[in-house]
Amino acid sequence: MPGAWFSRRRLLPYSVTSSEPWAAGAGLGFHFRYELRGNDKMEPDMEDKTLELMCSVPRSLRLGCSSVAGSLCALRCLQSMPSVLGHNQKNEMESQNDDRSPKKTTVYKIINGPVTGSRKRPSEGNYEKEKDRCIQLFDQWSEADQVEFVEHLISRMCHYQHGHINSYLKPMLQRDFITALPAQGLDHIAENILSYLDARSLCAAELVCKEWQRVISEGMLWKKLIERMVRTDPLWKGLSERHQWEKYLFKNRTAEVPPNSYYHSLYPKIIQDIETIEANWRCGRHNLQRIQCRSENSKGVYCLQYDDDKIISGLRDNSIKVWDKQTLECLRVLTGHTGSVLCLQYDDRVIVTGSSDSTVRVWDVSSGEVLNTLIHHNEAVLHLRFCNGLMVTCSKDRSIAVWDMASPTDISLRRVLVGHRAAVNVVDFDDKYIVSASGDRTIKVWSTSTCEFVRTLNGHKRGIACLQYRDRLVVSGSSDNTIRLWDIECGACLRVLEGHEELVRCIRFDNKRIVSGAYDGKIKVWDLQAALDPRAPASTLCLRTLVEHSGRVFRLQFDEFQIISSSHDDTILIWDFLNVSSNGQTEGRSPSRTYTYISR
């Protein structure tokens, strides 16, 4: 049990552990000792006053603290009470020489039941006058002086007093600023503050009170949250376009805009759609659409690119075919190359194609008219990329050509990069680096601005057929049947993915996945984040293997909702992970629509 030692001059903190039965009871249990110095004896009336003082102290003051130290700290307040101070002052002179005198100690043990008492200080005639005088002086000081004085005053108080002050201040420091701002005509500030909340926090804020709910509703904060997600997340943007609720976004408050409750109910539906799509990717659930593009002379679809409206493909029969993505019908056939179309890329204005006839052709995307023909390479143009006025092409002649594109008709050669010892199969670039991969088993990195050589990435055991480069990451596929992940800045190989049984011909990645296609006819989906984690077991990296093509997979692209691939089997397959029928299969053969185009 906590205890205390009472001295005539001061209260000394002391810890006493009692094993007596009364110490475990619910009643009062105190050990205290009054030290008598020399020949002094404690006067009977003083003893009575001390006992009366102890019994008058509230039990919560003596025993309500959370620890022995807290209890003793509270008892220390007793030295400031008048009944003790008066006696201490009276005996000040008597205790001056007590250090040389033997000590005589009397121990009192008080056993009592629960004691109730009042914390209210004894009323004195001068207290009110003194208090008023202190308040007058306090009001005359500066704010800084007032703070300093209160800090000094608090430092002189005991633990119990600190707790009482804390309870008094706590409600004063709690401010409902969201409710207070509209009252001052500052609704827009309250809305702006709450607009930074995520969905879970916004739900909780609506439950705070009716005023918070009103601010959220009138501020259309659920609409703003969805708009923020659509702006920053491609998956949200794609869903908004496909499910037609984008028409209700990014508009001012008009009669056409639904109320906030519409967006509140829309949000969980979007989350459910996202979870379903992710589950479809993991489980391989998809709907399959098939375009048969064989003709009498065609034996493969070498390249493709798509958007929401069309698919443009390059074929071995020297033609470029444009397909309607909704109906899967052929809209246009572009002819002009005298060899197989091996690579292509298009934007809003032009289609640029490379062929085994060693030329690069530029076509008008709307009319299909040939705008320009570039003759530079000595052998087949195997790959090309263009962006922001710059184009890079590579060839079987082992060279890389860098072009300036002022306009579709004004394209000039800037620089030729030489260094590979075999055909350059693929190139990619951004503002910092040009990256090329070759049959000589190496990946070379060049400066985009100066076209100077930077470094070589070594690791593949056979020729490299494909790669993609973005930020610091390069992902490459090789005829050694492996996929490698590289850090372009230091040249380190971060991970080797194994699983394909033949040459890895095409590869793409986004923030979540790597999708690869190989000559074994299989498309594999890999977990990119796990692949970048060196602790992840190799067996967990391949999420799903998709088997539908009956020939070599030549090219693929994908987004959050689908994969579109082309093959030596003369087909283009659309793997849809969004619109999956209820009886969609988890893996393997899926219900499909087949369209056949026969050239005339």
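Residues numbered from 1 in each chain as written. Predicted model: local features only at pLDDT ≥ 70, side-chain atom pairs only at ≥ 80, totals over all residues. Heavy atoms only, no water.

1. Overview of the overall build of the protein
Move 1: Within the protein, the regular secondary structure consists of 15 helices and 33 strands.
Move 2: Looking at the protein residue by residue over its 600 residues, the buried ones come to 47%.
Move 3: Sequence separation of 24 or more characterises 52% of the internal contacts of the protein that already satisfy a separation of 6 or more.
Move 4: In the form shown here, the protein has an accessible surface area of approximately 31500 Å², with 49% of it arising from carbon and sulfur atoms. (Helix = DSSP H or I, 4+ residues; strand = E, 2+ residues; numbered from the N terminus. Buried < 20%, exposed > 50% of the residue type's maximum accessible area, 1.4 Å probe, protein only. Contact = heavy atoms within 4.5 Å. Areas by Shrake-Rupley, 256 points an atom, 1.4 Å probe, with all protein chains shown as cover.)

2. Examining the packing of helix α10 (residues 199-206) against helix α11 (residues 210-218)
Move 1: At a minimum axis separation of 7 Å, α10 and α11 run at an interaxial angle of 130°. Put simply, α10 runs oblique to α11. Contacts between α10 and α11 involve Leu-202, Ala-205 and Glu-206 from the first element and Trp-212, Gln-213 and Ile-216 from the second.
Move 2: Its residues assigned to classes, the contact of α10 with α11 shows four nonpolar, one polar and one charged. (Axes fitted to C-alpha atoms, helices over the stretch in contact; angles between N-to-C directions. Parallel < 35°, antiparallel > 145°, perpendicular 65-115°, else oblique. Nonpolar A, V, L, I, M, F, W, Y, C, P; charged D, E, K, R; others polar.)

3. Comments concerning helix α12 (residues 221-232)
The α-helix advances 3.6 residues per turn, and as a result positions three or four apart in sequence lie on the same side.
Move 1: Compared with the 16 Å implied by 1.5 Å per residue over twelve residues, the 17 Å span of α12 between its first and last C-alpha is a close match.
Move 2: All of the buried residues in α12 are Leu-221, Trp-222, Lys-223, Leu-225, Ile-226, Glu-227 and Val-230.
Move 3: Those residues of α12 that are buried lie in contact with α9 (187-194), α10, α11, α13 (234-242) and α14 (260-283). (Expected span 1.5 Å × (residues − 1).)

4. Examining the environment of Leu-543
Move 1: Structurally, the position occupied by Leu-543 is in strand β29 (residues 542-547).
Move 2: Judged by its relative accessible area of 29%, Leu-543 falls in the partly exposed class.

5. What to know about the pattern of salt bridges
Two side chains bearing opposite charge may form a pair once their charged atoms approach each other closely.
Move 1: Counted by the stated rule, this structure contains 20 salt bridges.
Move 2: A salt bridge links Asp-317 to Lys-321, with the shortest nitrogen-to-oxygen separation between them at 3.3 Å. Each member of the pair, Asp-317 as well as Lys-321, is classed as buried.
Move 3: One network of salt bridges, with partners in common, ties together Asp-187, Glu-211, Arg-214 and Glu-218. (Salt bridge = Lys/Arg side-chain N within 4 Å of Asp/Glu carboxyl O.)

6. Here's the deal with the sheet that holds strand β25 (residues 493-498)
Move 1: As summarised here, the arrangement of the four strands in space is β22-β23-β24-β25, forming an open sheet in which the pairing is antiparallel. What marks the edges here is a single partner per strand, and that holds for β22 (464-470) and β25. Each adjacent strand pair in this sheet contributes to an overall mean axis angle of 15°, direction not counted. (Pairing = 2+ DSSP bridges.)

7. Topic: the side chain of Thr-571
Move 1: By secondary structure assignment, the location of Thr-571 is in strand β32 (residues 571-576).
Move 2: Within the structure, the side chain of Thr-571 is placed 3.4 Å from the side chain of His-549, a separation counted as a polar contact. (Polar contact = N/O pair within 3.5 Å; in protein donor to acceptor, adjacent residues only side chain to side chain.)

8. Focus on a nonpolar patch on the surface
Move 1: Taken together, the side chains of Trp-141, Phe-149, Val-150, Leu-153 and Ile-154 present a nonpolar region at the surface, about 370 Å² in accessible area.
Move 2: One can find Phe-149 in helix α6 (residues 143-155). (Patch = residues over 30% accessible without salt bridge, like charges linked within 9 Å, V, L, I, M, F, W, Y side chains within 5 Å.)

9. Overview of α9
Move 1: Residues of α9 that are buried: Ala-190, Glu-191 and Leu-194. Summarising the axial view, the buried residues of α9 lie within an arc of 100°, below the 170-degree limit, and thus occupy one face.
Move 2: Buried positions along α9 lie against α8 (177-183), α10, α11 and α12. (Arc of directions from axis to C-beta.)

10. Comments concerning the nonpolar core
A general trend in soluble globular proteins is that nonpolar side chains are found buried together.
Move 1: Ranked by size, the top nonpolar core spans 44 residues in total, and within it Ile-226, Trp-245 and Ile-563 carry the most contacts.
Move 2: The biggest single contributor to this core is α14, with seven residues. (Core = buried A, V, L, I, M, F, W, Y, C linked by side-chain atoms within 4.5 Å.)

11. Let's talk about the pairing of strand β21 (residues 453-458)
Move 1: Taken together, the five bridges between strand β20 (residues 442-447) and β21 define a ladder with antiparallel strand orientation. Paired with Thr-442 across the strands is Asn-458, a residue of β21.
Move 2: What sits between β20 and β21 in their antiparallel hairpin is a turn of five residues, with Cys-451 showing a positive phi close to 60°.

12. Things to note about the sheet that holds β20
Move 1: Strand order in the open sheet made by the four strands is β18-β19-β20-β21, with antiparallel pairing throughout. Each edge of the sheet is formed by a strand with only one pairing partner; in this case those strands are β18 (424-429) and β21. Across the sheet, the mean angle from the axis of one strand to that of its neighbour is 20°, orientation sign disregarded.
Move 2: By the bridge criterion, five bridges tie strand β19 (residues 433-438) to β20 in an arrangement that is antiparallel.

13. As for unusual backbone geometry
Move 1: Phi is positive for Leu-328, close to 65°, though the residue is something other than glycine.
Move 2: The buried category is assigned to Leu-328, whose relative accessible area is 1%.
Move 3: Although it is not a glycine, Arg-398 sits at a positive phi angle of roughly 75°.
Move 4: Here Arg-398 shows up in the loop between β15 (390-395) and β16 (399-407).
Move 5: A residue is classified by how much of its surface remains accessible, and Arg-398, at 44% relative accessible area, is partly exposed.

14. Quick word on the state of the cysteines
Move 1: Under the counting rule described, the total for this entry stands at zero disulfides.
Move 2: The structure places no disulfide on Cys-394, whose sulfur is separated from the nearest cysteine sulfur, that of Cys-343, by 7.2 Å.
Move 3: By relative accessible area, Cys-394 is classed as buried at 0%. (Disulfide = S-S within 2.5 Å.)

15. Details of the environment of Trp-526
Move 1: Following the sequence through the fold, Trp-526 ends up in strand β28 (residues 522-527).
Move 2: Here Trp-526 falls in the buried class, since its relative accessible area comes to 2%.
Move 3: A C-alpha to C-alpha distance of 5.3 Å links Trp-526 and Leu-543, two positions 17 residues apart in sequence.
Move 4: Excluding its chain neighbours within four sequence positions, the residues that come into contact with Trp-526 are Ile-483, Leu-497, Glu-498, Gly-499, His-500, Lys-512, Arg-513, Ile-514, Ser-516, Leu-541, Cys-542 and Leu-543.
Move 5: A polar contact of 3.0 Å, which involves the side chain of Trp-526, links it to the side chain of Ser-516.

16. Remarks on the packing of α13 against α14
Move 1: The interhelical angle for the contact between α13 and α14, taken along N-to-C directions, is 110°, at an axis separation of 11 Å. It follows from the interaxial angle that α13 and α14 lie roughly perpendicular. Counting all contacts with α13, which are made through Leu-235, Trp-236 and Leu-239, the residues of α14 involved are Tyr-267, Ile-270, Ile-271, Asp-273, Ile-274, Ile-277 and Glu-278.
Move 2: For the contact of α13 with α14, the residue count by class is eight nonpolar, no polar and two charged.

17. With respect to the confidence of the model for the protein
Move 1: Of the residues in the protein, 75% reach a pLDDT of 70 or more, and the chain-wide mean stands at 81.
Move 2: The low-confidence segment residues 1-41 (pLDDT under 50) makes 114 contacts with residues lying over four places distant or belonging to another chain.
Move 3: The low-confidence segment residues 59-119, where pLDDT is below 50, has 116 contacts with residues more than four positions distant or belonging to other chains. (pLDDT = per-residue confidence, 0-100.)

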